[in-house]
Amino acid sequence: EVRLVESGGGLVQPGGSLRLSCVVSGFAFNSYAINWVRQAPGKGLEWVSTISGPGGSRFYAGSVKGRFTISRDNSRNTVTLHMNRLSAADTGFYYCARGFDYTGYGEFDYWGQGTLLTVSS
Amino acid sequence: QSVLTQPPSASGTPGQRVTISCSGSTSNVGQNSVNWYQQFPGTAPRLLIYSNNQRPSGVPGRFSGSKSGASASLAISGLQSEDEADYYCATWDDDLHGWVFGGGTKLTVL
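Residues numbered from 1 in each chain as written. Chains lettered and ligands numbered in written order. Predicted model: local features only at pLDDT ≥ 70, side-chain atom pairs only at ≥ 80, totals over all residues. Heavy atoms only, no water.

**Focus on the side chain of A:Arg38**
Residue and element names in this part refer to chain A.
Here is step 1 of the chain: The residue Arg38 is located in strand E4 (residues 34–39) in this model.
Here is step 2 of the chain: Within the structure, the side chain of Arg38 is placed 2.7 Å from the side chain of Glu46, a separation counted as a polar contact.
Here is step 3 of the chain: In this view, Arg38 contacts Gly44, Leu45, Glu46, Val48, Ser63, Val64, Phe68, Ala89, Asp90, Phe93 and Tyr94; residues no more than four positions away in its chain are not counted. (Helix = DSSP H or I, 4+ residues; strand = E, 2+ residues; numbered from the N terminus. Polar contact = N/O pair within 3.5 Å; in protein donor to acceptor, adjacent residues only side chain to side chain. Contact = heavy atoms within 4.5 Å.)

**Focus on the nonpolar core**
Here is step 1 of the chain: Of all hydrophobic cores here, the largest spans 41 residues; its most connected members are A:Ile34, A:Trp36, A:Leu81, A:Tyr94, A:Phe108, A:Trp111 and B:Phe101.
Here is step 2 of the chain: Not counting residues up to four positions away in its chain, the partners in contact with A:Phe108 are A:Asn35, A:Val37, A:Trp47, A:Ala97, A:Arg98, B:Tyr37, B:Leu47, B:Trp99 and B:Phe101.
Here is step 3 of the chain: Judged by nonpolar contacts, the second largest core, of 22 residues, contains B:Val18, B:Trp36, B:Leu79 and B:Tyr87. (Core = buried A, V, L, I, M, F, W, Y, C linked by side-chain atoms within 4.5 Å. Buried < 20%, exposed > 50% of the residue type's maximum accessible area, 1.4 Å probe, protein only.)

**Considerations on the sheet that holds strand E6 (residues 71–76) of chain B**
All names here are of chain B.
Here is step 1 of the chain: Pairing is antiparallel across the open sheet formed by three strands, whose spatial order is E2-E6-E5. Here the strands that pair on one side only, and so sit at the sheet edges, are strand E2 (18–23) and strand E5 (63–68). Each neighbouring strand pair of the sheet contributes to a mean axis angle of 20°, computed without reference to strand direction. (Pairing = 2+ DSSP bridges. Axes fitted to C-alpha atoms, helices over the stretch in contact; angles between N-to-C directions.)

**Remarks on the pairing of strand E8 (residues 98–101) of chain B**
All names here are of chain B.
Here is step 1 of the chain: With four bridges connecting them, strand E7 (residues 85–93) and E8 associate as antiparallel partners. Within the sheet, the bridge partner assigned to Ala90 lies in E8 and is Phe101.
Here is step 2 of the chain: Taking the residues between adjacent antiparallel strands as the criterion, E7 and E8 are bridged by four residues, where His97 takes a positive phi near 55°.

**Digging into the layout of surface pockets**
Here is step 1 of the chain: Quantified by volume, the largest pocket comes out at close to 540 Å³.
Here is step 2 of the chain: Forming the boundary of the largest pocket are 25 residues, of which A:Leu45, A:Glu46, A:Trp47, B:Gln1 and B:Ser2 lie nearest the centre.
Here is step 3 of the chain: Secondary-structure elements contributing two or more residues to the lining of the largest pocket are E4 and strand E5 (45–51) of chain A together with E8 of chain B.
Here is step 4 of the chain: Considering each element in turn, the lining of the largest pocket owes the most residues, four residues, to E8(B). (1 Å grid on protein atoms, 1.4 Å probe; cavity = no way out; pocket = protein on both sides within 12 Å on 5 of 7 lines; lining within 4 Å. Points joined across faces, edges and corners; volume = space filled by probe spheres on them.)

**Regarding the state of the cysteines**
Here is step 1 of the chain: For the structure shown, the criterion picks out two disulfides over all chains.
Here is step 2 of the chain: Linked covalently through their sulfurs, A:Cys22 and A:Cys96 form a disulfide whose S-S length is 2.1 Å. Between A:Cys22 and A:Cys96, the S-S torsion sits near 70°, and that sign places the bridge as right-handed. Here A:Cys22 is found in strand E3 (residues 18–25), whereas its partner A:Cys96 is found in strand E9 (residues 92–99), with 74 residues between them in sequence.
Here is step 3 of the chain: What makes A:Cys22 buried here is its relative accessible area of 0%.
Here is step 4 of the chain: Between the sulfur atoms of B:Cys22 and its disulfide partner B:Cys89 the distance amounts to 2.1 Å. The disulfide joining B:Cys22 to B:Cys89 has a torsion of about 80° about its S-S bond and is therefore right-handed. One end of the pair, B:Cys22, is in strand E2; the other, B:Cys89, is in strand E7, with 67 residues separating them in the sequence. (Disulfide = S-S within 2.5 Å.)

**Here's the deal with the pattern of salt bridges**
Here is step 1 of the chain: Following the criterion strictly, the structure yields six salt bridges over all chains and no others.
Here is step 2 of the chain: Residues joined in a network through salt bridges with shared partners are A:Arg38, A:Glu46, A:Arg67 and A:Asp90. (Salt bridge = Lys/Arg side-chain N within 4 Å of Asp/Glu carboxyl O.)

**Quick look at the interface of chain A and chain B**
Here is step 1 of the chain: Tallying the contact residues gives 20 residues for chain A and 16 residues for chain B.
Here is step 2 of the chain: A buried area of about 1,500 Å², summed over both sides, lies between chain A and chain B, and 67% of it is on carbon and sulfur atoms.
Here is step 3 of the chain: For chain A, the biggest contributors to the area lost against chain B are A:Leu45, A:Trp47 and A:Glu107; these three give 40% of the whole.
Here is step 4 of the chain: Remark: the boundary between chain A and chain B carries zero salt bridges.
Here is step 5 of the chain: Linking chain A to chain B there are three residue pairs in polar contact (both at pLDDT 80 or more).
Here is step 6 of the chain: Among the secondary structure elements, those contributing two or more residues to the side of chain A that touches chain B are E4, E5 and strand E10 (108–111) of chain A.
Here is step 7 of the chain: Counting residues per element, the side of chain A that touches chain B draws most heavily on E5(A), which supplies four residues. (Buried area = accessible area lost by both parts, 1.4 Å probe.)

**Description of the sheet that holds strand E1 (residues 3–7) of chain A**
Residue and element names in this part refer to chain A.
Here is step 1 of the chain: If you walk across this open sheet you meet the four strands as E1-E3-E8-E7, and the pairing is antiparallel. This sheet does not close on itself; its edge strands, each paired only once, are E1 and strand E7 (68–73). Each strand of the sheet is rotated relative to its neighbour by a mean of 15°, with strand direction disregarded.

In structure tokens, the structure reads:
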């Protein structure tokens, strides 16, 4: 069974940093890209970042470029999203989702249940 | 403001056919495959349609997708009350070098 489990969310002050993790199981981890998608309360889905299966390609939304860094540890089946200089606009649920193939250009076929990040003083 | 444009709401009665549009540009919908996601309140999205018109296993046949030029559509025939959810289109954008989503359409079954 394919599973993606996010963790690391919580309350952070504006300007602070946080690290989200996505631990996966049930498939050959290094053969698939992993994506982060977020959703502000009551709002729509917003793509955040993608890392290819081997990890050589990384993509970021303009709203997080330069502040967020995505990485993966293929030995631990884990993808990490390092987030810096957080603001209220970053508040929301963060979902990790598997990309259909290793490139990062495939549809998001399996999703985790999400972890909530709240940026507030 | 989303790169892909969807109507914010749609509605229909049980048994009806409903379509949801997704309008983009030559750098996204016009050039790449469109995927559709369904999301129920308080839950994670799930893949509903991929590669414009393909259904993952487990998705009922009453859901179908199409694309023409820089526009795509999701159609739901034989509408059921359990179809009441939010629907999002998404595709890769060659200019932005990233994924883009539509703003979402809230479907109400009357």
